[in-house]
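# Chain and residue survey
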Amino acid sequence: MSLDSSQTMTTPDGRTIGGVVMEMKHITLRFGGVVAIKDISFDIREGEIRAIIGPNGAGKSSMLNVINGFYHPQEGEVWFEGKRRKPMKPHEIAHQGIARTFQNIALFKGMTTLDNIMTGRFTRMKAPWWQQAIWAGPAEREEVANREVVEKIIDFLEIQAIRKTPVGRLPYGLQKRVELGRALGAEPRLLLLDEPMAGMNVEEKEDMSRFILDVNDEFGTTIALIEHDMGVVMDISDRVVVMDYGAKIGDGTPDEVRNNPAVIDAYLGVAHD
Amino acid sequence: MTADRPATGLDTFPKLLARNVDSFGTGHAYREKEFGIWQSWTWAEAGEQVAALAKGLIALGLDEGDYVAVIGRNRPHLYMAMTSIQCAGAIPVPLYQDAVAEEMAYVLDHCGARYVIAEDQEQVDKVMDIKDRLPGLEQILYLDPRGLRKYDHTHLHKLEEVVAAGRASDNEGDLKRRSDALSGASTCVMLYTSGTTGRPKGVVLSNDNIILTAKASAEVDHLTHTDSVLAYLPMAWVGDFIFSMGQAYWTGFCVACPESEATMQHDLREIGPTYFFAPPRFFEGLLTNVTIRMEDAAKIKQRMYRYFMGVAGRVGPDILDGKPVGFMDRMLYRLGDLLVYGPLKNTLGLSRVRVGYTAGEAIGPELFDFYRSIGINLKQLYGQTEASVFITQQADGQVRADTVGTPTPGVEIRIDENGEVFYRSPGVFQEYYKNAESTASTKDAEGWVATGDAGFIEPDTGQLRIIDRAKDVGKMSDGSMYAPKYVENKLKFYPNILEAVVFGAGRDRCCAFLNIDLAAVGNWAERNNIAYASYQELAAHPRVYAMFQEHVEAVNESIAHDGMLSGCQVHRFVILHKQLDADDGELTRTQKVRRRIIEEKFSDIIDALYDGSDSVYTETEVTYEDGRKGKIKATLEIRDAKVWPRNPAVAAE
């Protein structure tokens, strides 16, 4: 799958993958003397599901944090939507159109599902705080419009029954779904999922896979995800980046990656003479 | 089928719809919660939508007499689609949405459906899977487009687009001609019985069947267009068709559909229907919830609850039935209503229920009385798919836990010499589709239908009482009637008794196996400081035996008053050392007792019950969850229970 950056293509299941939205060029990230990411380059194209895989400690989560701007790499360039990214403040990170979920669920446990997803709409709220406080005209209209978006997400994720339940009382699998809902609330152009299926049973994994595919299909959202379950990754992603010890050892379609000797070595181990 | 037509000539659903659009145009026909808000359709809107879809279906090539399968959960669009199908002269066949593809393949092939209207991707996928085996299937329509965008749309259509095409089409005249050609005798709907034995059978019901039954039953309860109902039971079930289609169209009341299966309880509370149906296990689950939550409540609330539930238990049912009740009690009940019953009913979503029905299986008297005592007019009915539901129902003021009511107007009932109940009514089905043999064996030439249930009519009240499945009813050695299920149900109404198996066919007296309910008895043991290490030990505890003896004797006393069944009193019983289990083949997967197998497996215990010994040593093979087998050894105590003289003179009441 070699394309130049503006070319589009159609996947076997009929989706259109567009030009490059994000490009990582020779990224190196260090924490003191530890090199978490070593000279990695890859791109993410519009409308695709891009997976990052690798053994534990390979630097996947660090990579995700570089993508959303939380970490700023010491070397290399990040290009997002045709612009080179500069170091950002947290609120700038939030406003750039990239939403994410976390490996360890990071919801507001005491708040309801509805309120949690509503917080995902925060960056879309424009009315000044004093209008929101007194529920004045524009703020009210805005809230109603936001609620409508949130209700569509609730319907989409089939979590109507827990709309008013505090998320702390929900089982793990549902919390993961609510977290996805909150990320969707921001109507992101790029959605980052950090191990969306970790700790789930088979049925929950199937549900989550379907939701991820449906998000991509219905809203055309570009998705980058980290996942350990190889079966899931190979089934749902269009292209896969493989990392090991901070370096990229493979990049391509699931089939290409599956047959890549370096990837097989990293996962199955290799006999050292 | 001789019953007189309604004088108004409202003998088909298209005509009823037109009447409702005229009479209640701005009244609500359907509600559905979507995106967190209740959406609604007035009768006028429903009429327009139904006509548009009907025209769309005609444009798509639907012919008169075609069968159209409707698969999905209760949704206004699907209800309206059923009427559209009828208006276009075709026949709707609602299917159970949780059926697997295999089961659907049989039904779709059997009725030769040319069209399928499916709710969502899940249902479409199932139909797609079996499409190759269904040569007759031509088009699939779907309601919810999610996930279906990339499917091949040569034979797949979005319902909305078919409706739009119908609006734009000019086959108004064709539609009118087709609707007008329908009569009371034409087929209204075909419903497949779930078929516990063998293949499902397609029950053909005519417009007269449905509409006359809906009319008669609605009149018993004075249902009007101001009533409302929550449609949450499967659309393929005849009851839902009668409540949400038949009675809703006849009276013009509003059908509300929940947001999803899981939100039913919440939506029930928001809608507050005035007319409500639920199987006994629903009411049981609700009461268990209430009880558990009351145990967690503050002490003062618990005391208030207990005191006023006592008052309600004493006078509530009488107040509901309009019988005379003392002034003080009336005042106390009113206070209780303010403090306890009212808020409780509100929480349950049953505040406005004017008419509530339960049916399907026996309901425990305590359970039944609980709901009636807090002022919910819960009643029982007895019905079958083949009867368009209603055979008997309880009219206000004649409600009891142990009967199923008097015949619905228009229904005749006959009990044959074996005790089996037969009926004849305007609701009696036309035939089993493509199955003349079964039709003939179920319905005789004069229109009498066998129910397969044994029962009798109480001479003084005229109420029907169902005893058991007719095939299980037998005779004891002295010739008196033996109905095991009847006794077992009475025993199982005690929360401590999980399962009961009664023996006695061809013998001189009845004996019983009992199973403790580990949750209930364990809880009781904890409260009474009874220590136990295992199920077996708890089951054999003398105090458990004493408690069960009381239960058995109380049941015997009530059976002694039962005239013809007074021979079924339990003389001796044993509490089994293991729980009867489907894994060991003792129960079916749906938790029904398999008598034959239990009789063989525990023949040593049965022998001991009848030979008068005090205890029996037994070894039983059990299957563990991982498939390994083991043996349980135990010496079981056998107890004699007090029996009461058989006294037919005090039968009933």
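Everything below is about the structure shown above.
Residues numbered from 1 in each chain as written. Chains lettered and ligands numbered in written order. Predicted model: local features only at pLDDT ≥ 70, side-chain atom pairs only at ≥ 80, totals over all residues. Heavy atoms only, no water.

### Observations regarding the overall build of chain B
- Regarding its fold elements, chain B presents 21 helices and 28 strands.
- For chain B, whose C-alpha radius of gyration is 27 Å, the value lies close to the compact-globule estimate of 26 Å for 653 residues.
- With the principal axes as the frame, chain B shows a C-alpha extent of 85 × 60 × 50 Å.
- Each of the 653 residues in chain B was classed as buried or not, and the buried ones make up 56%.
- Charge separation in chain B, taken as the distance between the mean sites of 70 positive and 92 negative side-chain charges, equals 3 Å. (Helix = DSSP H or I, 4+ residues; strand = E, 2+ residues; numbered from the N terminus. Rg over C-alpha atoms; globule rule 2.2 N^0.38 Å. Buried < 20%, exposed > 50% of the residue type's maximum accessible area, 1.4 Å probe, protein only. Lys, Arg positive; Asp, Glu negative; His and termini not counted. Charge placed at Lys NZ, Arg CZ, Asp CG, Glu CD.)

### Here's the deal with the pattern of salt bridges
- Taken as a whole, this structure holds 59 salt bridges over all chains when the rule is applied.
- Its salt-bridge partner being Glu119(B), residue Arg73(B) comes within 3.6 Å of it at the nearest N-O pair. Taken together, the residues span a long stretch of sequence, with Arg73(B) in the loop between β3 (67-71) and α3 (76-87) and Glu119(B) in the loop between β5 (115-118) and α5 (121-130) at a distance of 46 residues. Glu119(B) carries the same exposure label as Arg73(B), and that label is buried.
- Residue Arg595(B) pairs with Glu488(B) through a salt bridge whose shortest N-O separation is 2.8 Å. Taken together, the residues span a long stretch of sequence, with Arg595(B) in helix α20 (residues 595-601) and Glu488(B) in helix α16 (residues 484-492) at a distance of 107 residues. You'll find Arg595(B) and Glu488(B) in the same group, each marked buried.
- Each of Asp43(A), Glu48(A), Arg50(A), Arg239(A), Lys248(A) and Asp251(A) takes part in a single network of salt bridges with overlapping partners. (Salt bridge = Lys/Arg side-chain N within 4 Å of Asp/Glu carboxyl O.)

### A few points about the interface of chain A and chain B
- Across the boundary between the two partners, chain A contributes 16 residues, which contact 11 residues of chain B.
- Overall, the association of chain A and chain B removes approximately 1,200 Å² of surface from exposure, summing both partners, and the carbon and sulfur fraction of that is 43%.
- Here chain A and chain B share 5 salt bridges between them.
- A salt bridge links Glu259(B) to Arg163(A), with the nearest nitrogen and oxygen atoms 2.4 Å apart.
- There are 7 residue pairs in polar contact (both at pLDDT 80 or more) connecting chain A and chain B.
- Of all the secondary-structure elements, those providing two or more residues to the side of chain A that touches chain B are α5 (137-156) and α7 (202-219) of chain A.
- In terms of residue count, α7(A) provides more of the side of chain A that touches chain B than any other element does, 5 residues in total. (Contact = heavy atoms within 4.5 Å. Buried area = accessible area lost by both parts, 1.4 Å probe. Polar contact = N/O pair within 3.5 Å; in protein donor to acceptor, adjacent residues only side chain to side chain.)

### Here's the deal with unusual backbone geometry
All names here are of chain A.
- Non-glycine residue His26 carries a positive phi angle of around 50 degrees.
- Counting through the fold element by element, His26 comes out in strand β3 (residues 20-31).
- The phi dihedral of Asp39 is positive, around 45 degrees, even though this residue is not glycine.
- Tracing the sequence through the fold places Asp39 in strand β4 (residues 34-45).

### Some remarks on helix α4 (residues 101-111) of chain B
Residues and elements named next belong to chain B.
- Turning to α4, its buried residues are Ala101, Met104, Ala105, Val107, Leu108, His110 and Cys111.
- Lining the buried residues of α4 we find β3, β4 (91-95), β5, α5 and β8 (187-192).
- Taken from the residues just after α4, Gly112 is the one with a positive phi, measuring 65 degrees.

### Focus: the pairing of β4(A)
Residues and elements named next belong to chain A.
- Relative to β4, β3 runs antiparallel, the two being bridged by 8 bridges. Each residue of the ladder has a partner; that of Met24, found in β4, is Phe42.
- With antiparallel pairing between neighbouring strands as the criterion, β3 and β4 make up a hairpin whose turn holds 2 residues, including Gly32 at a positive phi of roughly 60 degrees. (Pairing = 2+ DSSP bridges.)

### A word on the environment of Thr291(B)
Residues and elements named next belong to chain B.
- As for its placement among the helices and strands, Thr291 is situated in helix α11 (residues 280-295).
- Look at Thr291 and you get partly exposed, because its relative accessible area is 35%.
- Taking the C-alpha atoms as reference points, Thr291 and Asn20, separated by 271 residues in sequence, lie 43 Å from one another.
- Among the polar contacts made by the side chain of Thr291, one reaches the main-chain carbonyl oxygen of Leu287 at a distance of 2.7 Å.

### Notes on the pairing of strand β2 (residues 37-42) of chain B
All names here are of chain B.
- As paired elements, strand β1 (residues 28-34) and β2 share 6 bridges and run antiparallel to each other. Within β2, the residue paired with Glu34 across the bridge is Ile37.
- Where β1 folds back onto β2 in an antiparallel hairpin, the turn is made up of 2 residues, including Phe35, whose phi is positive at roughly 55 degrees.

### Some words on the packing of aromatic side chains
Residues and elements named next belong to chain B.
- For the structure on display, the rule yields 29 aromatic pairs over all chains.
- Ring geometry for Phe13 versus Phe241: centroids 6.2 Å apart, planes at 55 degrees, classification tilted. Within this pair, whereas Phe13 is found in helix α1 (residues 13-24), its partner Phe241 is found in helix α9 (residues 238-251), the two being separated by 228 residues in sequence. Of the two residues examined, Phe13 and Phe241, each falls in the buried class.
- Three or more aromatic residues joined by ring pairs make a cluster, and in this case those are Trp237, Phe243, Phe253, Tyr275, Phe277, Tyr357 and Phe390.
- It is Arg414 that lies over the ring of Phe422; its NZ or CZ is 4.8 Å from the centre. (Phe/Tyr/Trp six-rings, centres within 6.5 Å; stacked < 30°, edge-to-face > 60°. Lys NZ or Arg CZ within 6 Å of the ring centre and 35° of its normal.)

### Structural notes on the nonpolar core
All names here are of chain B.
- Ranked by size, the top nonpolar core spans 120 residues in total, and within it Tyr30, Tyr79, Tyr275, Phe276, Tyr341, Leu350 and Tyr371 carry the most contacts.
- When residues are assigned to domains, this core turns out to be shared by domain 1 (13-265) and domain 2 (280-351 + 353-469), each giving three or more.
- Look past the residues within four positions of Tyr79 in its chain and what remains in contact with it is Tyr30, Asn74, Ala231, Met235, Asp240, Ser244, Met245, Val255 and Cys257.
- In terms of nonpolar packing, the next biggest core, distinct from the first, is built from 58 residues, Cys511, Trp524, Ala525 and Ala634 among them. (Core = buried A, V, L, I, M, F, W, Y, C linked by side-chain atoms within 4.5 Å. Domains from an automatic or database assignment.)

### Remarks on α7(A)
All names here are of chain A.
- For α7, built from 18 residues, the straight-helix expectation of 26 Å at 1.5 Å per residue is met to within 8% by its first-to-last C-alpha distance of 25 Å.
- Taken residue by residue, α7 has Met208, Ser209, Phe211, Ile212, Asp214, Val215, Asn216 and Asp217 as its buried positions.
- Each element contacted by the buried residues of α7 is listed here: β5 (49-53), α5, α6 (172-185), β9 (190-194), β10 (222-226) and α8 (230-236).
- The distance from a side-chain oxygen at the start of α7 to the backbone nitrogen of Glu203 is 3.1 Å, and the residue carrying that oxygen is Asn201.
- Once α7 ends, the next one or two residues include Gly220, with phi positive near 65 degrees. (Expected span 1.5 Å × (residues − 1).)

### Description of the sheet that holds strand β21 (residues 464-469) of chain B
All names here are of chain B.
- The strand order across the open sheet formed by 4 strands is β17-β18-β20-β21, and the pairing between neighbours is antiparallel. Bordering the open sheet on either side are β17 (412-415) and β21, each of which pairs with just one other strand. The mean inter-strand angle of the sheet, taken between neighbouring strand axes irrespective of direction, is 50 degrees.
- Where strand β20 (residues 449-457) meets β21, 5 bridges bridge the pair, whose relative direction is antiparallel. Its bridge partner being in β21, Gly455 is matched across the sheet by Ile466. (Axes fitted to C-alpha atoms, helices over the stretch in contact; angles between N-to-C directions.)

### Comments concerning the packing of helix α12 (residues 299-321) of chain B against helix α14 (residues 365-373) of chain B
Residues and elements named next belong to chain B.
- Running from N to C, α12 and α14 cross one another at 85 degrees; their axes reach a closest spacing of 7 Å. When the interaxial angle is binned, α12 and α14 end up roughly perpendicular. In this structure, α12 contributes Tyr305, Met309, Ala312, Gly313, Gly316, Pro317, Leu320 and Asp321 to the contact, and α14 contributes Phe370, Arg372 and Ser373.
- Of the residues in the contact of α12 with α14, the class split is 6 nonpolar, 3 polar and 2 charged. (Parallel < 35°, antiparallel > 145°, perpendicular 65-115°, else oblique. Nonpolar A, V, L, I, M, F, W, Y, C, P; charged D, E, K, R; others polar.)

### Regarding the sheet that holds strand β19 (residues 431-432) of chain B
Residues and elements named next belong to chain B.
- The strand order β8-β9-β19 describes an open sheet built from 3 strands, whose pairing is antiparallel. The open sheet is flanked by β8 and β19, the only strands paired with a single partner.
- Inspection of the sheet shows β8 paired to strand β9 (residues 202-206) by 5 bridges, in the antiparallel sense. Bridged to Met190 within β9 is Val204.
- Contacts from helix α8 (residues 207-220) reach β8 and β9 within the one sheet, and its direction differs from that of β9 by about 70 degrees.

### Focus: the side chain of Arg163(A)
- Tracing the sequence through the fold places Arg163(A) in the loop between α5 and α6.
- Separated by 3.0 Å, the side chains of Arg163(A) and Glu151(A) make a polar contact.
- Of the polar contacts made by the side chain of Arg163(A), one reaches the side chain of Glu259(B); its length is 2.4 Å.
- If sequence neighbours within four positions are ignored, Arg163(A) has contacts with Thr112(A), Thr113(A), Leu114(A), Arg147(A), Glu151(A), Ile154(A), Lys33(B), Phe35(B), Gly36(B) and Glu259(B).

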